[in-house]
Amino acid sequence: MATMTGHRRWTAALLAVLLAVAGLPAARGGAVGEPVGTVTFTHASISGPQGLTAGPDGNVWFTNAGGDSIGRITPSGDITTFTDTTINFPYRITAGADGNLWFTNRFGNSIGRITPAGVVTNFTDASIDNPRGIAAGADGNVWFTNYSGESIGRITPEGVVTTFTHVSIGFPGEITAGPDGNLWFTNKRSSLPGSIGRITPAGVVTTFTDSAINRPDSIAAGPDGNLWFTNDSNDLIGRITPAGDVSSFADASIDHPTGITAGPDGNLWFANTYLDSIGRITPAGAVSSFTDVGIYYPTAVAAGADGNLWFINPYSIGKITPAGAVTTFVGNGIEDPLGITTGPDGNLWFTQYYGNSIGRITPGGAVTVFDDDTISNPHGIAAGPDGNLWFTNRDEDDGAWAGASLGRITPAGVVTEFTDVGITNPMGITAGPDGNVWFTNFNFGDPTESIGRITPSGVVTTFSDVGTEGPMAIAAGPDGNLWFTAYDGVAGWIGRITPDGDISTYTDASINAPTAIAAGADGNLWFTNFDGGSIGRITPAGVVTDFDDVGIQRPTAIAAGADGNLWFINDAASIGRITPEGAVTIFTDANTDDAMGITAGPDGQMWFTGSGIGRIVAVEDEPSVCTGSPGIGPFTDVAADHPFCGEIEWMGGTGVSGGYPDGSFKPSTAVSRQAMASFLHKYEGQPEVTLTEPFFADVAPSHPFFA
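As the structure is a prediction and not an experimental result, all values here were calculated from the model.

Caption draft 1: Structural context of the packing of aromatic side chains. One pass over the full model with this rule turns up 17 aromatic pairs. The interplanar angle of 15° and the centroid separation of 5.8 Å between the aromatic rings of Trp 310 and Phe 329 together place this pair among those described as stacked. With a gap of 19 residues between them, Trp 310 in strand 27 (residues 309-313) and Phe 329 in strand 29 (residues 326-329) connect regions that are remote in the sequence. Positioned above the aromatic ring of Tyr 91, the side-chain terminus of Arg 106 is 4.9 Å from the ring centre. Over the ring of Tyr 147 we find Arg 132, and its NZ or CZ is 3.6 Å from the ring centre.

Caption draft 2: Inspection of unusual backbone geometry at higher detail. The phi dihedral of Asp 235 falls on the positive side, at around 55°, and the residue is not glycine. Note on Asp 235: relative accessible area 22%, which makes it partly exposed. The backbone of Arg 554 shows a phi angle near 50°, a positive value even though the residue is not glycine. Looking at Arg 554, the relative accessible area reads 40%, which means it is partly exposed.

Caption draft 3: Highlighting a nonpolar patch on the surface. A surface patch of nonpolar side chains, about 360 Å² in accessible area, is lined by Tyr 274, Tyr 296 and Tyr 297. Residue placement: Tyr 296 occurs in the loop between strand 25 (287-291) and strand 26 (300-303). For Tyr 296, a relative accessible area of 53% translates into the label exposed.

Caption draft 4: Geometry of the sheet that holds strand 52 (residues 574-578). In spatial order, the strands read 50-51-52-53; together these four strands make up an open sheet with antiparallel pairing. Two strands in the sheet have a free side with no partner beyond their single neighbour: strand 50 (555-560) and strand 53 (584-587). Strand after strand, the sheet turns through a mean of 25° between neighbouring axes, direction not considered. By the bridge criterion, five bridges tie strand 51 (residues 566-570) to strand 52 in an arrangement that is antiparallel. Paired with Trp 567 across the two strands is Arg 577, which belongs to strand 52.

Caption draft 5: Seen up close, the pattern of salt bridges. Counted under the stated rule, the structure contains four salt bridges. Measuring nitrogen to oxygen at the nearest pair gives 3.0 Å for the salt bridge that ties Arg 92 to Glu 174. Pair noted here: Arg 92 is in strand 6 (residues 90-95) and Glu 174 is in strand 14 (residues 172-177), with a separation of 82 residues, a long-range link. In this structure, Arg 92 and Glu 174 share a single accessibility class: buried. We note a salt bridge from Asp 217 to Lys 188, for which the minimum N-O separation is 3.7 Å.

Cut-offs applied
Residues numbered from 1 in each chain as written. Predicted model: local features only at pLDDT ≥ 70, side-chain atom pairs only at ≥ 80, totals over all residues. Heavy atoms only, no water. Phe/Tyr/Trp six-rings, centres within 6.5 Å; stacked < 30°, edge-to-face > 60°. Helix = DSSP H or I, 4+ residues; strand = E, 2+ residues; numbered from the N terminus. Lys NZ or Arg CZ within 6 Å of the ring centre and 35° of its normal. Buried < 20%, exposed > 50% of the residue type's maximum accessible area, 1.4 Å probe, protein only. Patch = residues over 30% accessible without salt bridge, like charges linked within 9 Å, V, L, I, M, F, W, Y side chains within 5 Å. Areas by Shrake-Rupley, 256 points an atom, 1.4 Å probe, with all protein chains shown as cover. Salt bridge = Lys/Arg side-chain N within 4 Å of Asp/Glu carboxyl O. Pairing = 2+ DSSP bridges. Axes fitted to C-alpha atoms, helices over the stretch in contact; angles between N-to-C directions.

What follows is the structure, encoded as structure tokens:
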């Protein structure tokens, strides 16, 4: 679990004050300088894993690209994840000669190192460009491929980076240490159909082409002294000798092979992505294939220290013995959460769209996941009037959503599916004021688009009208009706449907691709304008007001908070709050990057889905309230209604700023860089500075702010 510590909170407040008094623009739109408090986050312990390797500690380590974290799994299946702000779509991972794990940050354009204890260090260099494959070299360094940079990189244990370019290196993918002391790599598109490359520790590059090499993907050193690779395009397993002689092996059980590795049994093992199987090939070329319900779209294989082969599924880690026995581990079960709501049992319930499951998380963070064969691409979820949770099953895999349905799950986890000709492509769902559950059937241009109603016993009725084209989200209004957003790809509007099925629509020039809608504490409905980049409000009488703010950026979800405000998700990786009067505040945190759904929790805090389940916790000691008026508080010229009064008082109360001799703060006076340095130094407790030589060329030891 990652938390925003008090240190970061106060730093954010201090920097907001500095920006304000210096007259500098905020980095993001909306109000700034009011930290929301602690963002706690329950990460998916397995979320889009991409690479795995045996660690020096006897465990298997893997990258969580979906959760921007590094995972460790013991031979018995106990999982620990490590997060760090520098981890950005980690891709491949390898054990280094220094006893640590090294990994590539594809989106961060950096190389990461993590100790067995979980301490992360990040190394950047201008030459690192979309790094992918990584391997420990015989020279004690770590080598990696720069896919977009079309080069091979080398990084020392101390973090010194060197890159090697060559005309024959083109989109290099994976890399491995060869038995000859060199590094071998796959060139996916150096010149179609690709090649196998070799680079010496000194950086001398040689490439090998052959008719059997066709978009080579993964590569590994075999127990026979050769290099083995997978071909992405022609479903072959290839072998290349250190001298460059190529052989290939075909078999009906090989389909999109990838992630090849040497096994402890003297064979090579690989993943058959499209066949949902793990393959084995002997040095002589004999192929075997292993299937199991626990093998699903595998993408990588690695030999573990326990004598087994470990592999990656999209949301699980699997283990297969040399004899073919399969065990899979799903971690805490969080995988791609989407919709979220508070349940009648005092817990949070959420849908897992690609995980085909429903999750429950307690306010304390305990996660339970419920699987059922009838749950298929669940989208929206709502607490029903019958004490159960109801959700929409879009069933994307059936094509045209042929298997779409509605689901009901009891607080104990018992699932019931409801199918009906009127359930065509359900998306939004809510409890209605009439004791029934209401939902939208959304499918651009399809005549089955409608508003649906289902009774607790499962009786379905649908209502269609010209106004029900493109219905997306739906919410119960304070007027006893249901309100929904609609968008036909060109125009958007807000719809209202009575419990009897009478439909009205409301248009306004400001309504632009409305997506989500929620009832506010002020008696109105609030909605998001995705393309318009604004938040809209509509009264029960249909009067529309648009709130545009630079901080509102393609909003996707909205919910009423216990604080009387509306909270929304920005597609620009942030969470926003808007008051009934329209004042906007934007909150960002490392964990809001993938925020999707949002709801008020049973604990009065806001909960959201992303790469895991997050909660925004209000902190009572935030410096947001002033104690007096000019002449009463710490500074004589800071009134109680000043937008940064609380933060400025905090600066005075903690000694970060003593103000001017006359007792004023002068909040509109610009701040020099030396004054900013003084503020930060005081904030850190005025630590001793041991520098004897200037760090900056223009700051001499005699400078009053040198320390």
